[in-house]
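# Topology and contacts: notes
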Amino acid sequence: MGTSQPVSVEARLVNPISEPVWDEWIADHPETTIFHTSSWARVLADSYGHQPCYLRLSVGEKPLALIPMMEVRSLLTRTRGICLPFSDYCAPLMWSDFGSVIVLRKLRQIARERGWNYFELRDSSILHKSAPRSEKYVSHVLDLTIGSTALALNFRSSVQRALRKAEQGNLKVSIGTAPEAMRRFYSLHVRTRRKHGVPAQPRAFFTNIQKHIIGPGHGFTVTAELGDKTLASAVFFRFGDHAIYKFGASDERWQQLRANNLVMAAAIKHLANLSLKTLHFGRTDKANEGLRRFKLSFGAREHEISYGKFSVSADTWVGARTRRSSLPNRVVRVFPAPVNRLAGHLLYPHLD
């Protein structure tokens, strides 16, 4: 009787920016999104200087797992590995269930070798069900395969009324990939972030999104206008069969015209006509009932997203952190726009 040979698993760190076949490796996996691509890695590295430490496990020439991981080094917020910064969710790409244990063991080893305080997975699919979750959110996913006509019929009555109001207000909506559309979005982004008491992401971040995502055809910007005024704008990413609503912004002074609803409806129709399968609306805090209602009103289904955070010093998975005080948000709201932008420029390289 013959004996079975042990499986030899190769594990190595890969930089997708310099690895020419990275996007080929991920292309056929059903859970691949724009966040797994080399294009998004370029955005993060060029904008914030983060070091790509992507993990590839393989058996021979066949992939076993691909784990995007960025190393964030900061004297203010500690050194850690994140899968991935500013990415809402990013599931490890697995080709075999038995690889989960090997992946987690290898990540712990990498964390120790590189001096990380911790690493965080922005998806819990490979964690044991008993492991604590460091953060929990909800996500909303819309099935686009039913077609644009059926999708529009599934919009709740509140959306139907909002769209009629936008049309009666003579709002015009456009879908584009030009840098000018991104410039208009950024102006609203600064205004919206200040309203919510949060610093704006640096302009360079959106310049790099335009360069590495929108320009090459992996996304677009939707803009609603009234005359020469930009009332609402949103940025969408796409890769393979999946699209992501990544950023939205609006001028609250014109809220009564429901420009946000017009922007979302136009994007949904556009993506359905491109024959994409799903639109993911990003993550939402569970306590944000207004945003949850907005996303559900377009027919999306709600799911939970949870993160896993491994502390290297404690050698264990850690639970949810205490909610931060709202005081910083109240302070940021009174910053003038230039100060808000400066705060974002200084802070975001230390955040994730």
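Right, let's walk through the structure included here. (Residues numbered from 1 in each chain as written. Predicted model: local features only at pLDDT ≥ 70, side-chain atom pairs only at ≥ 80, totals over all residues. Heavy atoms only, no water.)

We now examine unusual backbone geometry. Geometrically, the link from Cys83 to Leu84 is a cis peptide bond, its omega value of -10 degrees lying close to zero. Looking at the secondary structure, you find Leu84 in the loop between β6 (80–83) and β7 (93–94). In this model, Arg78 sits at a positive phi of 75 degrees, which is unusual for a non-glycine residue. For Arg78, the position within the fold is in the loop between β5 (70–72) and β6. Here Arg78 falls in the partly exposed class, since its relative accessible area comes to 44%. We note that Asp315 has phi near 55 degrees; this positive angle belongs to a residue other than glycine. (Helix = DSSP H or I, 4+ residues; strand = E, 2+ residues; numbered from the N terminus. Buried < 20%, exposed > 50% of the residue type's maximum accessible area, 1.4 Å probe, protein only.)

Turning next to the pattern of salt bridges. Side-chain pairs of opposite charge can arise where the charged atoms are in close proximity. For the structure on display, the rule yields 17 salt bridges. Between Arg80 and Asp352 there is a salt bridge, with its nearest N and O atoms 2.7 Å apart. Residue Arg80 is found in strand β6, and its partner Asp352 is found in the segment after α11 (337–347); the two are separated by 272 residues along the sequence. Between Arg184 and Glu225 there is a salt bridge; the shortest N-O distance is 2.1 Å. Highlighted residues: Arg184 in helix α6 (residues 179–195) and Glu225 in strand β11 (residues 219–226), separated in sequence by 41 residues. The partly exposed category is assigned to Arg184, whose relative accessible area is 28%. (Salt bridge = Lys/Arg side-chain N within 4 Å of Asp/Glu carboxyl O.)

Turning our eyes to something else, we now look at the pairing of strand β15 (residues 301–311). With four bridges connecting them, strand β8 (residues 118–121) and β15 associate as antiparallel partners. Across the sheet, the residue bridging to Phe119 is Phe310, located in β15. Sheet topology places strand β9 (residues 135–143) next to β15; seven bridges connect them, and they run antiparallel. Across the sheet, residue Tyr137 finds its bridge partner in β15, namely Ile305. Here β15 runs beside strand β16 (residues 316–318); their pairing, made up of three bridges, is antiparallel. Bridge pairing in β16 links Phe310 to Trp317. (Pairing = 2+ DSSP bridges.)

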